[in-house]
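Examination of the molecular architecture
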Amino acid sequence: MADPSSYRPRPGEIPDSPGVYRFRDEHRRVIYVGKAKSLRQRLANYFQDLAGLHPRTRTMVTTAASVEWTVVSTEVEALQLEYSWIKEYDPRFNVKYRDDKSYPYLAVTMNEEFPRVQVMRGHKKKGVRYFGPYAHAWAIRDTVDLLLRVFPVRTCSAGVFKNAARTGRPCLLGYIGKCSAPCVGRITPEDHRELAEEFSDFMAGRTGTYLRRLESRMTEAAEEMEYERAARLRDDIGALKKAMEKNAVVLADATDADLIAVAEDELEAAVQIFHVRGGRVRGQRGWVTDKVEDVTTGALVEHALQQLYGEESGDAVPKEVLVPALPEPVEPVQEWLAGRRGANVSLRVPQRGDKKALMETVQRNALQALALHKTKRASDLTTRSRALEEIAEALDLDSAPLRIECYDISHLQGDDVVASMVVFEDGLQRKSEYRRFQIRGFAGQDDVRSMHEVISRRFRRYLAEKERTGEWADGEEATTGGGIARTDEAVTPTGGGIALGNGGAPLNGDEAVPADGGTPLTGEEAAPTEGGTPPTDGGTPPTDGTAVPLTGTDVIDGALKEDDGRPRKFAYPPQLVVVDGGQPQVAAARRALDELGIDDIAVCGLAKRLEEVWVPGEDDPVVLPRTSEGLYLLQRVRDEAHRFAITYQRTKRAKRFRAGPLDDVPGLGDTRKQALIKHFGSVKRLRSATIEQIQEVPGIGRKTAETIAAALAGAVPAGPAVNTATGEIIEDEEPETTAGSAGEPVSAGLPDERRGQET
């Protein structure tokens, strides 16, 4: 690792003018190429204190052993030279989009005596007109098959063409009218070239002329009573329109533009391009790149423009290029594009209208491409194995962490504090093992304390399972005191898992909890359960909708029994616990495990800002290489935990805002709540009803009716209903409804009456 000060140029040696610079390593290989409006100012940024540099930039300058530069007269020349050097040297620290040479194009070989229409890939050749790129070759062949009826241009290879000329017999397409058969002299070279030009013009978007011409000829044929010719022309028009339908109209006629969208994360970026010609999407392509340098969205756009138009000229560069962010500065890039096209090019960010809407579509494609790329990369067995081995080596583990659990805390300014636990086994998601937690040990915002509580609760469950199954080692004692009780919904799966409390005391009461939290998930949200408490293993759900308190005996004899033979969800310990955060969160997690006497589970944390891996008891983080598959896996695990936590937090917040008095009635599901409101018309009328009247509602038994009456009697009564449109007070005989559109009556009672208590 070189010291940047060892090769730093002397003061005044670097010119204050536009230019291109390149860093070389000790073997004289170019590792980075950049351009600058002022070489002196730009290069000075690389030789500041290493602690102030971005990690990727710091790695580059410590890998380099020398720097050199070339002065140019304008920023446009700098842009051109930078592109040339990147293509020539392929520097490892520059953003490099994956080559798109595999994309098929529809090509018309105008450089031949008899132009040919064909599917082409690879480098573009001089004298060939290209249309596309297309996502699939079959899409090109379908379009060509439709157009050959109207433009019977040659499509055969040189060998087939020569053989037909030698024998004097055309191929099958010549017999069925889909080739003008220039090989046997049915058409002159000049007429065939004109036919190819018309085909190219139609593909370029100038469709109106040909449709009007054919319609005019069809009308003339019909007037002259040449009905067979008119029918053929009618079919030709239908074929052209069918070919046009394959490219939906997205912008106004005669609009030629390329739309570029970028989706990115810390390590990678996906670029999607839509080519619009004549107002129709004529082609689409996309790239994925590794962000090997500290780069902004504008810089990614600039690199994409270089990749897209670096070897293009003329009409291949459209009049308008729409991007999500402008390069900085934008003037040299616009001037460079204008030079490639030979005319002015508009480079801008769409703000409104159809172009803005189409840009959002391109952006969605970019996001999907990035997600698909990550999924494919993650599903590769070799890649996953290497990632696990790299993590084990970096954290000094005895073996690869085949089961990884990651925890994240989410809240909104200290309200609705929740946590998530996600599980990856063999480097892949295990969604059925995911868990959600409510933080109830304290109120307010304290991520470190929340992390300690979550880790403690989860591993108390693990110790309970270990004790129940007799897996304690000789001389080992349970640190939880052997008492078992409910803790809260967050750690209660549908299978009825019960958490431990120290000394057997319940942590948050001993009532059973609704199934909206802590259930094993196959997706993002648990399926709601009608009728109250989910059944525990070995038990049955209550028949009257009421909650059944659980005692220690209930748990041991019922909930923790495995009548169906399935393994308990918390019975498996992870080899690695990952927390979303830095040193404080890692220390809290380690402390929680130590308090429970667990010392065979590794802990680490991944900090978002610099993607550093923190381990307990260390003052410095473990820095994995930027290209490390292990770092990529840790990021996926961390990001999934964050997504799962924030989804649950938003769901809880929305549910709290929509809550009402009936939500506090235990064992009452959504279906019966709706039936009660429909029957009585309002909560106020339901509150004044007798138990017998409540029993008249289908599905409500006497015990449930008594529970509803008792719950509503203890709630604060609502004030008078107020019409939100007129401000007048609604009389008691008016039905009371929930807030909705203007003019509906709204309860003017206390906030608890309108929203329900927070949970």
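Calculation criteria
- Residues numbered from 1 in each chain as written.
- Predicted model: local features only at pLDDT ≥ 70, side-chain atom pairs only at ≥ 80, totals over all residues.
- Heavy atoms only, no water.
- pLDDT = per-residue confidence, 0-100.
- Contact = heavy atoms within 4.5 Å.
- Pairing = 2+ DSSP bridges.
- Helix = DSSP H or I, 4+ residues; strand = E, 2+ residues; numbered from the N terminus.
- Axes fitted to C-alpha atoms, helices over the stretch in contact; angles between N-to-C directions.
- Buried < 20%, exposed > 50% of the residue type's maximum accessible area, 1.4 Å probe, protein only.
- Patch = residues over 30% accessible without salt bridge, like charges linked within 9 Å, V, L, I, M, F, W, Y side chains within 5 Å.
- Areas by Shrake-Rupley, 256 points an atom, 1.4 Å probe, with all protein chains shown as cover.
- Salt bridge = Lys/Arg side-chain N within 4 Å of Asp/Glu carboxyl O.
- Lys, Arg positive; Asp, Glu negative; His and termini not counted.
- Charge placed at Lys NZ, Arg CZ, Asp CG, Glu CD.
- Expected span 1.5 Å × (residues − 1).
- Polar contact = N/O pair within 3.5 Å; in protein donor to acceptor, adjacent residues only side chain to side chain.
- Phe/Tyr/Trp six-rings, centres within 6.5 Å; stacked < 30°, edge-to-face > 60°.
- Lys NZ or Arg CZ within 6 Å of the ring centre and 35° of its normal.
- Disulfide = S-S within 2.5 Å.

**What about the confidence of the model for the chain?**
Averaged over every residue, the pLDDT of the chain is 74; the share at 70 or more is 74%. With pLDDT under 50 throughout, residues 473–567 is counted as low confidence; its partners more than four residues away or in other chains account for 207 contacts. Per-residue pLDDT stays below 50 along residues 732–759; that stretch engages in 70 contacts with residues further than four places along the chain or on separate chains.

**Things to note about the sheet that holds strand E2 (residues 30–36)**
An order of E2-E1-E3 is seen for the three strands of this open sheet, with the pairing classed as antiparallel. Of all strands in the sheet, those bounded by a partner on one side alone are E2 and strand E3 (66–71). Strand after strand, the sheet turns through a mean of 20 degrees between neighbouring axes, direction not considered. Pairing geometry for strand E1 (residues 19–24) and E2, over six bridges, is antiparallel.

**Some remarks on the environment of alanine 641**
Within the secondary structure, alanine 641 is located in helix H17 (residues 629–658). We classify alanine 641 as buried; its relative accessible area is 0%. Sequence spacing of alanine 641 and valine 578 is 63 residues, and the spatial spacing of their C-alpha atoms is 9.7 Å. Each residue touching alanine 641, except ones within four places of it in the same chain, is listed here: Cys406, Asp408, Ser420 and Val422.

**Remarks on a negative patch on the surface**
On the surface, Glu113, Glu190, Asp191, Glu194 and Glu197 cluster together into a negatively charged patch. Examined against the element boundaries, aspartate 191 turns out to sit in helix H7 (residues 189–203).

**Here's the deal with helix H14 (residues 447–468)**
Because an α-helix packs 3.6 residues into every turn, residues spaced three or four apart end up facing the same way. With 22 residues, H14 extends 32 Å from end C-alpha to end C-alpha; this agrees with the ideal 32 Å at 1.5 Å per step. A large share of H14 lies buried, amounting to 17 of its 22 residues.

**Examining a nonpolar patch on the surface**
Together, Leu172, Tyr175 and Ile176 make up a nonpolar patch on the protein surface, roughly 370 Å² of accessible area in all. Owing to a relative accessible area of 52%, isoleucine 176 belongs among the exposed residues under this scheme.

**What about the environment of aspartate 447?**
As for its position among the elements, aspartate 447 is in helix H14. Here the alpha-carbon distance between aspartate 447 and glycine 581, two residues 134 residues apart in the chain, equals 9.2 Å. Ignoring anything within four residues of it in the chain, the contact list for aspartate 447 reads Ile409, His411 and Gln585. Only 3.3 Å separates the side chain of aspartate 447 from the side chain of histidine 411, close enough to count as a polar contact.

**Details of the packing of aromatic side chains**
Enumeration over the complete set of coordinates arrives at 13 aromatic pairs. Aromatic side chains tyrosine 7 and phenylalanine 47 sit 5.6 Å apart centroid to centroid with 70 degrees between the ring planes, which places their arrangement in the edge-to-face category. With a gap of 40 residues between them, tyrosine 7 in the segment before E1 and phenylalanine 47 in the loop between helix H1 (39–46) and helix H2 (55–63) connect regions that are remote in the sequence. This pair shows no difference in class: tyrosine 7 is buried, exactly as phenylalanine 47 is. Here the aromatic rings of tyrosine 21 and tyrosine 46 are separated by 5.7 Å at their centres, their planes lie at 65 degrees, and the arrangement is edge-to-face. Placement of the pair is tyrosine 21 in strand E1 and tyrosine 46 in helix H1, with a sequence separation of 25 residues. Owing to a relative accessible area of 9%, tyrosine 46 belongs among the buried residues under this scheme. Clustering of aromatic rings is evident, with ring pairs tying together Tyr7, Tyr21, Phe23, Tyr32, Tyr46 and Phe47. Between the NZ or CZ atom of arginine 154 and the centre of the ring of phenylalanine 161, over which it lies, the distance is 4.7 Å. The ring of phenylalanine 459 has arginine 458 lying over it, and the distance from NZ or CZ to the ring centre is 4.6 Å.

**Quick word on the environment of threonine 297**
On the secondary structure map, threonine 297 appears in helix H10 (residues 297–309). For threonine 297, a relative accessible area of 27% gives the class partly exposed. What threonine 297 contacts, discounting residues up to four positions off in sequence, is Glu264, Pro324 and Ala325.

**Quick word on the state of the cysteines**
Going through the model one piece at a time under the given rule, you end up with zero disulfides. Left unpaired, cysteine 179 is separated from the closest cysteine sulfur, that of cysteine 171, by 5.3 Å. Judged by relative accessible area, which is 12%, cysteine 179 ranks as buried. Among the cysteines around cysteine 183, which has no disulfide bond, cysteine 156 carries the closest sulfur, lying 6.1 Å off.

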